[in-house]
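Working through the structure, step by step
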Amino acid sequence: MRDDVASTPGDLVFVSVSDGVGVGVMIHGELLRGRHNSGGEFGHVPLSLDGPRCSCGAHGCWEA
């Protein structure tokens, strides 16, 4: 192992955009899971409450 690389992971945000929008968040080396393990479901954050219906059942999600 190199001396200039930390042995434990720190904070990290990973964003994936393809068929949907996914996010992974690591804080102090631990994965942020959120309620019902949906911490990375960034694509289901509503942008407009009167927007199109999403596959999750809500309206106006980023993915919709």
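Relevant structure appears above.
Residues numbered from 1 in each chain as written. Predicted model: local features only at pLDDT ≥ 70, side-chain atom pairs only at ≥ 80, totals over all residues. Heavy atoms only, no water.

1. Notes on the sheet that holds strand 1 (residues 12–17)
Strand order in this open sheet of 3 strands is 1-2-3, and the pairing throughout is antiparallel. Each end of this open sheet is capped by a strand with a single partner; those strands are strand 1 and strand 3 (30–31). Here strand 1 pairs with strand 2 (residues 21–27) via 6 bridges, running antiparallel. Residue pairing for strand 2: V15 is matched across the bridge by V23. (Pairing = 2+ DSSP bridges. Helix = DSSP H or I, 4+ residues; strand = E, 2+ residues; numbered from the N terminus.)

2. Observations concerning the pairing of strand 1
On any regular strand, side chains alternate: one points to one face of the sheet, the next to the other face. Among the 6 residues in strand 1, 0 count as buried, and that is only a small part of the element. Hairpin remark: strand 1 followed by strand 2, antiparallel, with 3 residues in the connecting loop. (Buried < 20%, exposed > 50% of the residue type's maximum accessible area, 1.4 Å probe, protein only.)

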